Amino acid sequence: MSITRVGIVGSGIMGSGIAEVAAKSGFEVVLRSRRQETADATVAGLEKSLNKQVEKGKLEEAERDKVLARVTATSQLDALADCGLVIESVVEDLATKKDLFRDLNHVVGDDAILATNTSTLPVIEMAMETHRPDRVCGIHFFNPAPMMSLVEVVRPLSASDETIAAARGFAEACGKTPVEVKDQAGFIVNALLFPYLNNAVRMLENGTATSEDIDAAMKGGCNFPMGPLALLDLVGLDTSVAILDALYDEFRDPNYSTVPLMRRMVTAGQLGRKSGKGFYDYKR
Ligand SMILES: NC(=O)c1ccc[n+]([C@@H]2O[C@H](COP(=O)([O-])OP(=O)(O)OC[C@H]3O[C@@H](n4cnc5c(N)ncnc54)[C@H](O)[C@@H]3O)[C@@H](O)[C@H]2O)c1
């Protein structure tokens, strides 16, 4: 299966990052948001990011222009018709993703692969909304997508070997290292990571230590590049709660039971970096 044109649905933290990675790797990218202004703003953000790379001498001006020329911003789902691969990266909500897969199934060609960037949700549920469950899989990038080398390729029970091979090939063409994992909540990384992040919030809630000291302890004591609370702010607290809820639904393990403080913060609009406030304050 040769993929030249890639559709990305959703232009949040991850959709915009994956678009950048794919365009820099030579793929034609169609970036679809629900609103044209958001899609255009995402491409403007990409241009800004590329300009910074040019200023730092990490990217040639001519290469920046080529990358930008490969990206089309749209609000129309039909614009994804010619894509060989579509990766959805919309909100971590199963009903929303299932609706989207149903629509995408009618829009893209029969040979196209439909993939989800979900962090935890059952890929098989999305696959069964289509008439091509053999050509549906997870392609799970990490945040920030341009920097992180891992991609989890998630194999639902229905996926063909060709689909998984094409997904691995795409990840490698993007300069990433793919690992294959079965369709189980949290896959590898989040199943291991989220009990730790959740317990860090529990510790904060219990008054064991301040946010700053919890993060400093894990950086200095374990040599982690960032502390758990700063990482939750990077991921987004709304997304983190959705991830924990999906993990808890599947395993009923108390370590996955979202600490109430995190839910309250989401209700208060304290989502982390993307809202300007989470465990820390951010300039917007
Ligand atoms: N944040 C992370 O660290 C991270 C890492 C890997 C994977 N993911 C996954 O990527 C996906 C997107 O997460 P994100 O962090 O980019 O979130 P985000 O909040 O930054 O962006 C979510 C996007 O979904 C869109 N959206 C919201 N409701 C929608 C609806 N009803 N229909 C269609 N689109 C809708 C929003 O407009 C936005 O473009 C999720 O599945 C998440 O689990 C997130």
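Use the structure listed above.
(A) Region of interest: the side chain of Asn117. Examined against the element boundaries, Asn117 turns out to sit in the loop between β5 (113–116) and α5 (123–127). Separated by 2.8 Å, the side chain of Asn117 and the backbone nitrogen of Phe141 make a polar contact. When neighbours within four sequence positions are excluded, Asn117 is seen to be in contact with Met14, Ile18, Ile87, Glu88, Ser89, Ile139, His140 and Phe141.

(B) Quick look at the site of the ligand. Looking at the ligand, there are 21 residues lining it, with Glu92, Lys97, Ser119, Val235 and Lys274 nearest. Residue Ser11 places a main-chain N or O atom 3.1 Å away from an oxygen atom belonging to the ligand. One of the backbone N or O atoms of Val90 is found 3.3 Å from an oxygen atom in the ligand. Isolated, the ligand exposes 830 Å² of accessible area, and the fraction of that covered by the protein chains is 81%. Spatially, the ligand is embedded in the largest pocket. Within the residue set of the shell around the ligand, elements represented by two or more residues are α1 (13–24), α4 (94–107) and β6 (136–141). Grouping the amino acids of the shell around the ligand by side-chain chemistry returns six nonpolar, 11 polar and four charged.

(C) Structural view of the nonpolar core. One finds Val6, Leu85, Ile87, Ile139, Phe141 and Phe170 to be the most contacted residues of the largest nonpolar core, which totals 37 residues. Looking at which element gives the most residues to this core, the answer is α1, with six residues. With sequence-adjacent residues up to four places away left out, Phe170 is seen in contact with Val6, Ala22, Phe27, Leu85, Ile87, Ile139 and Phe141. Core analysis: the next-biggest nonpolar cluster, separate from the first, contains 25 residues, Ala191, Ala230, Tyr256 and Tyr280 among them.

(D) View of the packing of aromatic side chains. One pass over the full model with this rule turns up four aromatic pairs. Judged by centre distance (6.5 Å) and plane angle (75°), the rings of Phe141 and Phe170 are edge-to-face. Here Phe170 lies in helix α6 (residues 161–173) and Phe141 lies in strand β6, a separation of 29 residues in the sequence. Both residues of the pair, Phe141 and Phe170, belong to the buried class. When the centroid spacing of 5.7 Å and the interplanar angle of 35° are considered together, the rings of Phe251 and Tyr256 count as tilted. Of the aromatic side chains, those joined through ring pairs into one cluster are Phe27, Phe141 and Phe170.

Thresholds, definitions, all that
- Residues numbered from 1 in each chain as written.
- Predicted model: local features only at pLDDT ≥ 70, side-chain atom pairs only at ≥ 80, totals over all residues.
- Heavy atoms only, no water.
- Helix = DSSP H or I, 4+ residues; strand = E, 2+ residues; numbered from the N terminus.
- Polar contact = N/O pair within 3.5 Å; in protein donor to acceptor, adjacent residues only side chain to side chain.
- Contact = heavy atoms within 4.5 Å.
- Near = heavy atom within 4 Å.
- Areas by Shrake-Rupley, 256 points an atom, 1.4 Å probe, with all protein chains shown as cover.
- 1 Å grid on protein atoms, 1.4 Å probe; cavity = no way out; pocket = protein on both sides within 12 Å on 5 of 7 lines; lining within 4 Å.
- Sits in = over half its atoms within 2 Å of the grid points.
- Nonpolar A, V, L, I, M, F, W, Y, C, P; charged D, E, K, R; others polar.
- Core = buried A, V, L, I, M, F, W, Y, C linked by side-chain atoms within 4.5 Å.
- Buried < 20%, exposed > 50% of the residue type's maximum accessible area, 1.4 Å probe, protein only.
- Phe/Tyr/Trp six-rings, centres within 6.5 Å; stacked < 30°, edge-to-face > 60°.

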